[in-house]
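Architecture at a glance
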Amino acid sequence: DAKTTQPPSMDCAEGRAANLPCNHSTISGNEYVYWYRQIHSQGPQYIIHGLKNNETNEMASLIITEDRKSSTLILPHATLRDTAVYYCIVRVSASGTYKYIFGTGTRLKVLA
Amino acid sequence: DVKVTQSSRYLVKRTGEKVFLECVQDMDHENMFWYRQDPGLGLRLIYFSYDVKMKEKGDIPEGYSVSREKKERFSLILESASTNQTSMYLCASSMEALSSYEQYFGPGTRLTVT
């Protein structure tokens, strides 16, 4: 199974872009990259996902390198409410469906 | 609004007790999952189910079993709880789709085994 590697923690100033990196060097061609975040005492919440192309939604942008060995989640204008643990995930095939392989997460602290 | 609920937010059990953790989803999802979350280890998959009465082992199934008798309900069972099963347990569900496979998570149950 593919595994992901993330820095354990990062700080970002409020209003600035937060760029969260993830390495997934063993990812296979049909495996998607997902990002979730978890705010204290809640379950993880979906942010964005992608396969090859860069993706953008109302929350974030996902940049995937051409060789797909790494990706970056970008929060364009971080707010204090974005303080959370961010998980980079690879979705892999499993019996009858798919499963997530979670990284250990990056704890992002947005500073006022 | 999509919803995954778990029977308890906090649970304290004694070593050797049989423990049931219940999860219910109201989205008619085919897939359901149980994870445990421990500091420094992220989320690890215990068991999952892609249909009623179907169950598959995840990455750390030892010491656990599951039951899925109805589509909306997925139960995690600790046959004989041990202290190393003290953890946060998270349930999730998803529909089956090739390109979009968002999992919806419940709030979690923090289990302490003494």
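Below or above, wherever it landed, is the structure these notes cover. (Residues numbered from 1 in each chain as written. Chains lettered and ligands numbered in written order. Predicted model: local features only at pLDDT ≥ 70, side-chain atom pairs only at ≥ 80, totals over all residues. Heavy atoms only, no water.)

Section: the nonpolar core
Counting residues in hydrophobic clusters, the biggest one holds 23 residues, and the most contacted among them are Trp35, Leu73, Tyr86 and Leu108 of chain A. Looking at this core, the elements with two or more residues in it are strand 2 (18–23), strand 3 (32–38), strand 4 (45–50), strand 6 (61–64), strand 7 (70–75), strand 8 (84–94) and strand 10 (106–111) of chain A. With 5 residues, the single largest contributor to this core is strand 8 of chain A. Look past the residues within four positions of Tyr86 of chain A in its chain and what remains in contact with it is Gln6, Leu20, Trp35, Tyr36, Arg37, Ile47, Leu73, Leu75, Gly105, Thr106 and Leu108 of chain A. Judged by nonpolar contacts, the second largest core, of 21 residues, contains Val19, Val66, Leu78 and Val113 of chain B. (Core = buried A, V, L, I, M, F, W, Y, C linked by side-chain atoms within 4.5 Å. Buried < 20%, exposed > 50% of the residue type's maximum accessible area, 1.4 Å probe, protein only. Helix = DSSP H or I, 4+ residues; strand = E, 2+ residues; numbered from the N terminus. Contact = heavy atoms within 4.5 Å.)

Side note on the interface of chain A and chain B
Between chain A and chain B, the contact holds 24 residues from the first and 26 residues from the second. Taking both partners together, chain A and chain B bury about 1,900 Å²; carbon and sulfur atoms supply 53% of that area. Viewed at the interface, chain B and chain A are joined by 1 salt bridge. Across the salt bridge formed by Lys99 of chain A and Asp59 of chain B, the nearest N and O atoms sit 3.0 Å from each other. Our enumeration of links across chain A and chain B arrives at 6 residue pairs in polar contact (both at pLDDT 80 or more). Here the element with the most residues in the side of chain A that touches chain B is strand 9 (residues 97–102) of chain A; it accounts for 6 residues. In the side of chain A that touches chain B, the residues fall into 11 nonpolar, 10 polar and 3 charged. (Buried area = accessible area lost by both parts, 1.4 Å probe. Salt bridge = Lys/Arg side-chain N within 4 Å of Asp/Glu carboxyl O. Polar contact = N/O pair within 3.5 Å; in protein donor to acceptor, adjacent residues only side chain to side chain. Nonpolar A, V, L, I, M, F, W, Y, C, P; charged D, E, K, R; others polar.)

Overview of unusual backbone geometry
In this structure, Ser41 of chain A takes a positive phi of about 70° despite not being glycine. Looking at the secondary structure, you find Ser41 of chain A in the loop between strand 3 and strand 4. The phi torsion at Lys53 of chain B lies on the positive side, around 70°, for a residue other than glycine. Take Lys53 of chain B: it is sitting in the loop between strand 5 (42–49) and strand 6 (56–57). Residue classification places Lys53 of chain B among the exposed residues on the basis of a relative accessible area of 55%.

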